[in-house]
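Coordinates in review
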Amino acid sequence: SAPPTTLMVKNVGYIVKFAGEFRTVVHKPFQLEQTGEPIPMNRGYQLCEIDEVEGNKLNEFPSRMNFIYQQKCVPIMGGNPTVDVDPRYVNLSDLHILNVPVNASIVEINSEQTLGGDLLLLSDIEDEVCSTFPNPYDNDYRGADRYNPDEVPSRFKPDKPVFARLPDGSYAL
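Residues numbered from 1 in each chain as written. Predicted model: local features only at pLDDT ≥ 70, side-chain atom pairs only at ≥ 80, totals over all residues. Heavy atoms only, no water.

Before going further, it helps to examine the state of the cysteines. One pass over the structure, following the stated rule, counts one disulfide. Between the sulfur atoms of Cys48 and its disulfide partner Cys73 the distance amounts to 2.0 Å. With the S-S bond torsion at 95°, the cross-link from Cys48 to Cys73 turns out right-handed. Placement of the pair is Cys48 in strand E3 (residues 47-50) and Cys73 in strand E5 (residues 72-75), with a sequence separation of 25 residues. In this structure Cys48 comes out as partly exposed when scored by relative accessible area, which is 31%. (Disulfide = S-S within 2.5 Å. Helix = DSSP H or I, 4+ residues; strand = E, 2+ residues; numbered from the N terminus. Buried < 20%, exposed > 50% of the residue type's maximum accessible area, 1.4 Å probe, protein only.)

Structure below.
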C-alpha cells in the first residue's frame, strides 16, 4: 500500500500482516480512535494492546487494538479487523486455506470470551491440503508452556497461518 490514502476511494485494499504473514485485507486506512485521523498504511506498526475478538463484535470496547504511533500506545478505531481474504489483493495460492464443506458440523466455543470468534470443527475432513498445514505446536510463539517446555527460537518465527473458508463464504483464522 502506498500513500496518499483516502477514505473515499472505492476498491482499495490494504494487506495487513502479523508476524510477517498475511492476516487480512482492510478496505480503508486504520484511523486513530481519538481523532479519526487516518494513519499511513505503507509502514509497519508495533502492537501494544489487542483483543483476539473482532472489533465489530465488541459493543462496549470496540477499539481495543492499539499501535505504537508517534511514540504513544494509541487505540485504533474499530479494533481488531475481521478476517477478509479478498482475492483482488492477495494471491490465494500463497495461503493455507481449508474449504470447509457445507455439511460440516461447526460449533462456537468460548463464546463468552470471544463473542463467536472461536469455532470448533466437529467433522473429519479428508482433504489433501491438510497434509500441507504446519504443526500448530511448532507455531506457538508465545513462549514455553507445559506441552512445549523449551523456548526454541524458531518458534518466534511462526509458520504461515491456516485460514478456513466457511460454508457462508467468510473466513476464519
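Quick look at the sheet that holds E5 now. Spatially, three strands are ordered E3-E4-E5 in an open sheet, and the strand pairing comes out antiparallel. Two strands bound the open sheet, and with one partner strand each, they are E3 and E5. Pairs of neighbouring strands in the sheet enclose a mean axial angle of 25°, with direction left out of account. Across four bridges, strand E4 (residues 65-69) lies against E5 in antiparallel orientation. Paired with Tyr69 across the strands is Lys72, a residue of E5. (Pairing = 2+ DSSP bridges. Axes fitted to C-alpha atoms, helices over the stretch in contact; angles between N-to-C directions.)

On the secondary structure map, Lys160 appears in the loop between strand E8 (118-121) and strand E9 (162-165). The sequence separation of Lys160 and Leu95 amounts to 65 residues, and the corresponding C-alpha distance is 7.4 Å.

Taken in spatial order, the three strands line up as E6-E9-E10 in an open sheet, and their pairing is mixed. Each edge of the open sheet is held by one strand with a lone partner, namely strand E6 (96-99) and strand E10 (171-172). Judged from the two bridges that link them, E9 and E10 form a sheet pairing that is antiparallel. Each residue of the ladder has a partner; that of Ala164, found in E10, is Ala172.

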